[in-house]
Amino acid sequence: RFESHHELIGSSYAVEMPLSPDQYDPAQWLTAREKYLATFQANLKQMVTVAQDAGVPVILLTVPFNPRLSPAWKHRQPHSFDPEHRPAVTEAIRSAADSVSRGDFEDGLKTATTALALDPHPAVLHYLKAECLEGLEQHETAERAYAESRERMMGNLGSRLSTNRIIRDLAKENHVPMIDVQELFQQYGAKRERHYNADLIHDDCHPTPLGHQLIAEALAPLLRQAVVENRTP
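Below is a short write-up of the structure. Note that this is a predicted model, so its numbers are computed, not measured.

**Topic: the overall build of the chain**
- Scanning the chain for helices and strands turns up 9 helices and 2 strands.
- Listing each helix as α and each strand as β along the chain from the N terminus yields α-α-β-α-α-α-α-α-β-α-α.
- In the structure as shown, the chain presents an accessible area of about 12,200 Å², 52% of it carried by carbon and sulfur atoms.
- Charge-centre separation for the chain: the mean point of 24 positive side chains lies 5 Å from the mean point of 32 negative side chains.

**Section: the side chain of Arg 150**
- Turning to its location among the elements, Arg 150 is positioned in helix H6 (residues 139-152).
- Within polar-contact distance, the side chain of Arg 150 engages the backbone oxygen of Asn 66 at 2.9 Å.
- Excluding residues that lie within four positions of it along the chain, Arg 150 makes contacts with Phe 65, Asn 66, Pro 67, Leu 69, Leu 157, Gly 158, Ser 159, Arg 160 and Asp 204.

**Quick look at the nonpolar core**
- Judged by nonpolar contacts, the single largest core of 27 residues is most densely connected at Ile 93, Val 124, Leu 125, Leu 128 and Tyr 146.
- Within the residue set of this core, elements represented by two or more residues are helix H1 (12-16), helix H3 (86-102), helix H4 (105-118), helix H5 (123-135) and H6.
- Take this core: its biggest share by element is 7 residues, from H5.
- The contact partners of Ile 93, leaving out residues within four places of it in the chain, are Val 15, His 79, Val 124, Leu 125 and Leu 128.

**Observations regarding the packing of aromatic side chains**
- Under the definition given, this model contains 3 aromatic pairs.
- Ring geometry for Phe 2 versus Tyr 13: centroids 5.5 Å apart, planes at 25°, classification stacked. Here the residue Phe 2 occupies a position in the segment before H1, and Tyr 13 occupies one in helix H1, the gap between them amounting to 11 residues.
- When its relative accessible area of 6% is taken as the criterion, Tyr 13 is described as buried.
- Of the aromatic side chains, those joined through ring pairs into one cluster are Tyr 127, Tyr 146 and Tyr 196.

**Remarks on helix H2 (residues 26-53)**
- For H2, which comprises 28 residues, the first-to-last C-alpha distance of 41 Å matches the rise-based estimate of 40 Å (1.5 Å per residue) to within 8%.
- When we look at burial in H2, the residues that qualify are Pro 26, Trp 29, Arg 33, Leu 37, Leu 44, Val 48 and Ala 51.
- In this structure, the buried residues of H2 make contact with strand E1 (60-61), H6 and helix H7 (160-173).

The rules behind these values
Residues numbered from 1 in each chain as written. Predicted model: local features only at pLDDT ≥ 70, side-chain atom pairs only at ≥ 80, totals over all residues. Heavy atoms only, no water. Helix = DSSP H or I, 4+ residues; strand = E, 2+ residues; numbered from the N terminus. Areas by Shrake-Rupley, 256 points an atom, 1.4 Å probe, with all protein chains shown as cover. Lys, Arg positive; Asp, Glu negative; His and termini not counted. Charge placed at Lys NZ, Arg CZ, Asp CG, Glu CD. Polar contact = N/O pair within 3.5 Å; in protein donor to acceptor, adjacent residues only side chain to side chain. Contact = heavy atoms within 4.5 Å. Core = buried A, V, L, I, M, F, W, Y, C linked by side-chain atoms within 4.5 Å. Buried < 20%, exposed > 50% of the residue type's maximum accessible area, 1.4 Å probe, protein only. Phe/Tyr/Trp six-rings, centres within 6.5 Å; stacked < 30°, edge-to-face > 60°. Expected span 1.5 Å × (residues − 1).

Okay, structure coming up:
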């Protein structure tokens, strides 16, 4: 009954349609995720090395993303990774979701925070915490909690914080100029009190025309510098 791309923003579908541990052992994802990130790092490093060896100027950009993307937008998400605490955490997710629906954000935040102490991995639990923080108008803290939900999401749309950390570290280690697009977007939103990349991301990561404009404005001086230094027509 699960439909991919059912709910762009929100926790309702992720709460209603969990990934059953009978279908997939969530512990396997933690191992698969580490392999995925190691492969990403190795591939990116190779690309930079090959380009530099060929005399091609390299500029790296971090990946902008929608922190409020529904955890279940593409894949079902497990409600718990720890069999010992699965009943308590699963019940906490239901309880926190009910609190969000009632607008009782203080109670929902308490429930989600307590459950995360038992099991820090479920993306939907981080999302519910973020919804409560947003409801309490603690937007900067909520944005970090939403980003943590994206980090914990199972599948190719997750691990966004780790992916960007790898890009930043590789740029520093290889003396490659970099534009931190995610940070650029967050600063733009914070100055205008338009958090969560609301005006800058279409879906999960693709920039709006305004988002593209910000990237272009940041990229232009680096391209000019690369042209001058390499005498590239």
